[in-house]
Amino acid sequence: MSKIEFTLDGKTVVAEPGQTILQVARANGIDIPSLCYNDKISKTTSCFVCVVRDAKTGKFLPSCAACPAPGQVVEASSDAVKEMRRTAFELLLSEHTGDCEAPCTMACPAHASVEEYVRAGKNGDFMESLKIIKKRIPLPMSIGRVCPRFCEKDCRKNIFGQAVSINDFKRLAADMCYSEYLEETEPEKPYKVAIVGAGPAGLAAAYYLRMAGVKSVVFDQMGAAGGMLRYGIPEYRLPKHAVLDKELAHYTRLGIKFEFGKKLGDNLSLAELEAEYDAVVLALGCWKAGSMRCEGDDLAIQGIDYLRDISEADYKWTNPGKVIVVGGGNTAMDCLRTSVRLGSPDVVCFYRRTEAEMPAEKLEIAEAREEGVKFEFLVAPVRVSVGADGRKVLTCQRMALGEPDASGRRRPVPVPGSEFDTVADTIIAAIGQGAKMPSGIPVNKYGYPEVDEDNMQLGGKVFAAGDCVSGAATVVEAVAGGRRAALGVLGLLTGIKYKPERQVNVSRGHWASMAEKDVVFVSDKVSNSPRAKLPMIGLDERKTTFKEVAGTMRVETIRHEGERCIECSCTDKADCRLRSQAAKCGASPCAIKGGKLEVVYDTRHPVIIQDRGKCIKCGTCVKVCREVINKSLLSAKRRGFSTCVGTAFDKGLPLSCAECLACVTECPTGALDLKNK
């Protein structure tokens, strides 16, 4: 037979007799996705993600099975074809059950590979654990102490009791290995970047630029690096000399330079920085304190000023007397607990909502209460004045919760005739924080610079990241923003704008909506032991010194804690073709809602796990076993929506399958995979 000439994406191409459109497309450099196509077996034509369109008839054809006809005009990349492929992927995803990524990793603002560094710690390889952590967390010693543990709040172990103590793996790995660890960096590039702000976001930007071989100079208005780590987080949570300074010395070892006493808009000019440097990153933080918005509020000390001044005095401060802190966030908790340590005999927190609505971490609230802090809820300030004895008088009114506001929390409304006075020596306002942006920098109505969310670009060669963009947030959120700004800068320097890689993430659901039967256990050796407890100093010592409250867990404790990890993520997450190709096609796992099969998985084989929730019924495993291996161990069972792949009489795969693994190798989704991740 003679060769077949036809048109493919506007180009005349030639096919050998018997060649499919998919084969011809690939030979001509045209990318067509496919899940069920496998050149080792006969055609399956089941997934329909490889569709193309016959331009003359308008029909959609599965390119893995359709052979071209002479003179045919085929569209492989038109919008209509892409839309059909996206629909096909979304139909497959609508029935797909699994966890492309572990919930802990998805919850981490920096998207650290949580499951992986916990596993390395469980195995006793803390250097490997640190290497994994540092890919996304450049300040593991500090974050290992102050992170609010987003990962643990989404940990599936909560279904069975308490989360794995994930953050403590980070802390131990960093404490053990940081002194001897020094990253390999890319060869130096002929660029230099100015970073304004030596807080978490600026430090992260400097770190990831250095990893890519780009030099930077970090400018800061204060006398030392750290930003809120140094001046906003108290010593009892983050020791400055023993921990923060040690971590920052690592930056010097990497060749990152610092210049202190430099304030943008004062003795530092943005125009001059733009002229001298290839790019500028603004990581100015949130140093503008929020107002109580009541009469006489200038008589109150601002919470961030209070913490900064005490830090600059190296925690040698006078007794503040009776203290009232107005606010309910983490800064308020830091002010309260700091006041206790300074010897205040009476420390009270006034908050305008109930404890349930307080944004502070529950652990911080509990520890503050343990240390003697009193709480007054549903109370709002009306005015601050000075009494006849020179002490301050805080006039407040009682509140009641009304309808929810924009934050989703019920709005506090005043109770008529409920005003009362409280006398104090020190009143601290810890209401909130905002950004202080120098004039000339465009900001939105909230006072934050408007950046491109993909690459954090403010305009031209200027980028911004951290709290000055997001508003006051956490350290781990700031380092995530700093990393993205660094990637944005690298995109500018190379001429290719950075866009975050799109990923598809199917999830079995949040633990709060799951039952124990919904959890998949890859290993049968998951420990049911109680969560390990952090070693804490005694309460009397906590109340009278700024010594670090919590210690680092011992190696044996952490390794045992690692045995509690369920290891939720898909065993095949790095190689799953459904995930990678669906992302390329812009498919969403939430686009089509529908019923899903009950969670059924088989771990009887010592090496292989079969998870039917991930199966897309492509039939590849059945045909590979039958046509390539000459066995008939797998076959389709039942019909319609309930169709699944299984073994005869549900006996499970024989032990000899561990020597073959052909079905595992060819499965496009991880429905058949190795247990060992």
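Per chain, residue numbering runs from 1 following the sequence as it is written. Given that the model is predicted, a residue must reach a pLDDT of at least 70 before its local features are reported, and side-chain atom pairs must reach 80 or more before they are shown or counted; all residues, however, enter totals for whole chains, interfaces and linings. Water and hydrogen atoms were dropped before computing side-chain values, which therefore reflect all heavy atoms in the structure.

Participant: How should the overall build of the protein chain be read in this particular structure?
Facilitator: Helix numbering and strand numbering both begin at the N terminus, where a helix is a DSSP run of H or I of at least 4 residues and a strand a DSSP run of E of at least 2. Broken down by element type, the protein chain carries 22 helices and 27 strands. Expressed as lengths along the three principal axes of its C-alpha atoms, the size of the protein chain is roughly 105 × 60 × 60 Å. A burial count over the protein chain gives 52% of its 677 residues as buried. Residue contacts follow a heavy-atom distance rule, with two residues in contact if any of their heavy atoms lie within 4.5 Å. The long-range fraction of contacts in the protein chain, counting pairs at least 24 apart against all pairs at least 6 apart in sequence, stands at 70%. With an accessible surface of roughly 30200 Å², the protein chain has 51% of that area assigned to carbon and sulfur atoms. Only four residue types enter the tally: Lys and Arg on the positive side, Asp and Glu on the negative side, with His and both chain ends excluded. Note that the charge is assigned to NZ on lysines, CZ on arginines, CG on aspartates and CD on glutamates. Computed over 93 positive and 86 negative side-chain charges, the inter-centroid distance for the protein chain is 4 Å. To sort residues, take the accessible area from a 1.4 Å probe on protein chains only and compare it with the maximum for the residue type: under 20% means buried, over 50% means exposed, and anything in between is partly exposed. Calculation of accessible area relied on Shrake-Rupley with a 1.4 Å probe; when residues are assessed, cover is drawn exclusively from the protein chains displayed.

Participant: Just checking my understanding: could you explain the domain arrangement of the protein chain for this structure?
Facilitator: One frequently used descriptor of interface size is the decrease in accessible area upon assembly of the parts. Segmenting the protein chain into domains produces domain 1 (4–77), domain 2 (103–181 + 520–562), domain 3 (192–287 + 440–494), domain 4 (289–434) and domain 5 (594–674). Segmentation of the chain into domains, including their bounds, is taken from an automatic or database domain assignment. Using C-alpha coordinates to define each centre, domain 1 is positioned 50 Å away from domain 3.

Participant: What is the right way to look at the packing of helix α4 (residues 114–122) against helix α5 (residues 126–134) in this model?
Facilitator: The description of two packed helices rests on the angle between their axes and on the distance between the axes. The axes are straight lines fitted to the C-alpha atoms, using for helices just the contacting stretch, and the angles between their N-to-C directions are given from 0 to 180°. Closest axis-to-axis distance for the α4/α5 pair is 7 Å, and the angle between their directions is 170 degrees. Accordingly, the angle class assigned to the pair α4 and α5 is roughly antiparallel. Considering how the two elements wind past one another, α4 and α5 form a crossing that is left-handed. Touching Glu116, Tyr117, Ala120 and Gly121 of α4 are Phe126, Glu128, Ser129, Ile132 and Ile133, all from α5. The classification used treats Ala, Val, Leu, Ile, Met, Phe, Trp, Tyr, Cys and Pro as nonpolar, Asp, Glu, Lys and Arg as charged, and all other residues, Gly among them, as polar. A breakdown of the residues in the contact of α4 with α5 according to their chemical character gives 5 nonpolar, 2 polar and 2 charged. Just so you know how the angles are binned, under 35 degrees is roughly parallel, over 145 roughly antiparallel, 65 to 115 roughly perpendicular, and the rest oblique. Note: crossing handedness is left-handed where the near helix turns anticlockwise from the far helix by less than a right angle, and right-handed where it turns clockwise.

Participant: Got a minute to help me understand the nonpolar core in this structure?
Facilitator: Burial of nonpolar side chains together is a common tendency in soluble globular proteins. The set of buried Ala, Val, Leu, Ile, Met, Phe, Trp, Tyr and Cys residues whose side-chain atoms join them within 4.5 Å is what this entry labels a nonpolar core. By size, the foremost hydrophobic cluster in this structure holds 97 residues, and its most contacted members are Tyr117, Leu273 and Leu282. For this core, the two domains that each supply at least three residues are domain 2 (103–181 + 520–562) and domain 3 (192–287 + 440–494). Sequence-distant contacts of Leu282, that is, excluding residues within four places in its chain, are made with Val196, Leu264, Leu270, Met437, Ile441, Leu458, Val462, Phe463, Ala464, Ala465 and Cys468. By size, the runner-up hydrophobic cluster in this structure holds 36 residues, among which are Phe6, Val24, Val52 and Ala66.

Participant: Looking at this model, I keep getting lost on the layout of surface pockets. Mind explaining?
Facilitator: Once rolled over the atoms, a probe with the size of a water molecule shows which space is left empty. Considered as a void within the structure, the second largest pocket measures approximately 1200 Å³ in volume. Breaking the lining of the second largest pocket down by element, the ones donating at least two residues are α3 (103–107), α16 (467–470), α17 (475–494) and α20 (577–584). A per-element tally of the lining of the second largest pocket places α17 first, with 6 residues. When the residues that make up the lining of the second largest pocket are grouped by side-chain class, the tally is 16 nonpolar, 10 polar and 14 charged. Both of domain 2 (103–181 + 520–562) and domain 3 (192–287 + 440–494) provide at least three residues apiece to the lining of the second largest pocket. Both cavities and pockets are sets of points on a 1 Å grid over the protein atoms alone; in a cavity a 1.4 Å probe fits but cannot get out, in a pocket the set is open with protein on both sides within 12 Å along at least five of seven lines, and lining residues sit with an atom within 4 Å of a point. Grid points are joined across faces, edges and corners, and a volume is the space filled by probe spheres set on the points.

Participant: Quick question: what am I supposed to make of the packing of aromatic side chains here?
Facilitator: Each aromatic pair joins two rings of Phe, Tyr and Trp (for Trp, the six-membered one) with centres within 6.5 Å, and gets the label stacked for planes under 30 degrees apart, edge-to-face for over 60, and tilted for any other angle. Counted by the stated rule, this structure contains 8 aromatic pairs. Centroid distance Tyr207 to Tyr208: 5.0 Å. Interplanar angle 90 degrees. Geometry classified as edge-to-face. The class for Tyr207 is buried, based on a relative accessible area of 2%. Look at Tyr208 and you get buried, because its relative accessible area is 10%. An angle of 10 degrees between the planes, with centres 5.8 Å apart, marks the rings of Phe375 and Phe377 as stacked. With a relative accessible area of 15%, Phe375 lands in the buried category. By relative accessible area, Phe377 is classed as partly exposed at 22%. Of the aromatic side chains, those joined through ring pairs into one cluster are Tyr207, Tyr208 and Tyr251. Note that Lys153 overlies the ring of Phe150, its terminal NZ or CZ placed 5.5 Å from the centroid. Here, over-ring charges are defined by two tests on the NZ atom of lysine or the CZ atom of arginine: distance to the ring centre within 6 Å, and angle to the ring normal within 35 degrees. One cation-aromatic arrangement involves Arg483 over Tyr208; the distance from NZ or CZ to the ring centre is 5.9 Å.

Participant: Looking at this model, I keep getting lost on the sheet that holds strand β23 (residues 601–602). Mind explaining?
Facilitator: The strands making up a sheet associate through hydrogen bonds between their backbones, and the pairing can be parallel or antiparallel. We treat two strands as partners when DSSP finds at least two bridges between them. Judged by pairing direction, the sheet is antiparallel, and its 3 strands sit side by side in the order β23-β24-β27 without closing on themselves. Only two strands of the sheet have a single neighbouring strand rather than two, namely β23 and β27 (672–674). Sheet topology places strand β24 (residues 608–611) next to β27; 3 bridges connect them, and they run antiparallel. Following the sheet pairing, Gln610 is matched in β27 by Leu672.

Participant: Would you mind showing me how to read unusual backbone geometry here?
Facilitator: Unusually for a residue other than glycine, Phe48 sits at a positive phi of about 65 degrees. Unusually for a residue other than glycine, Phe649 sits at a positive phi of about 55 degrees. As for its position among the elements, Phe649 is in the loop between β26 (644–646) and α22 (662–666). Under the relative-accessibility criterion, Phe649 is labelled exposed at 75%.

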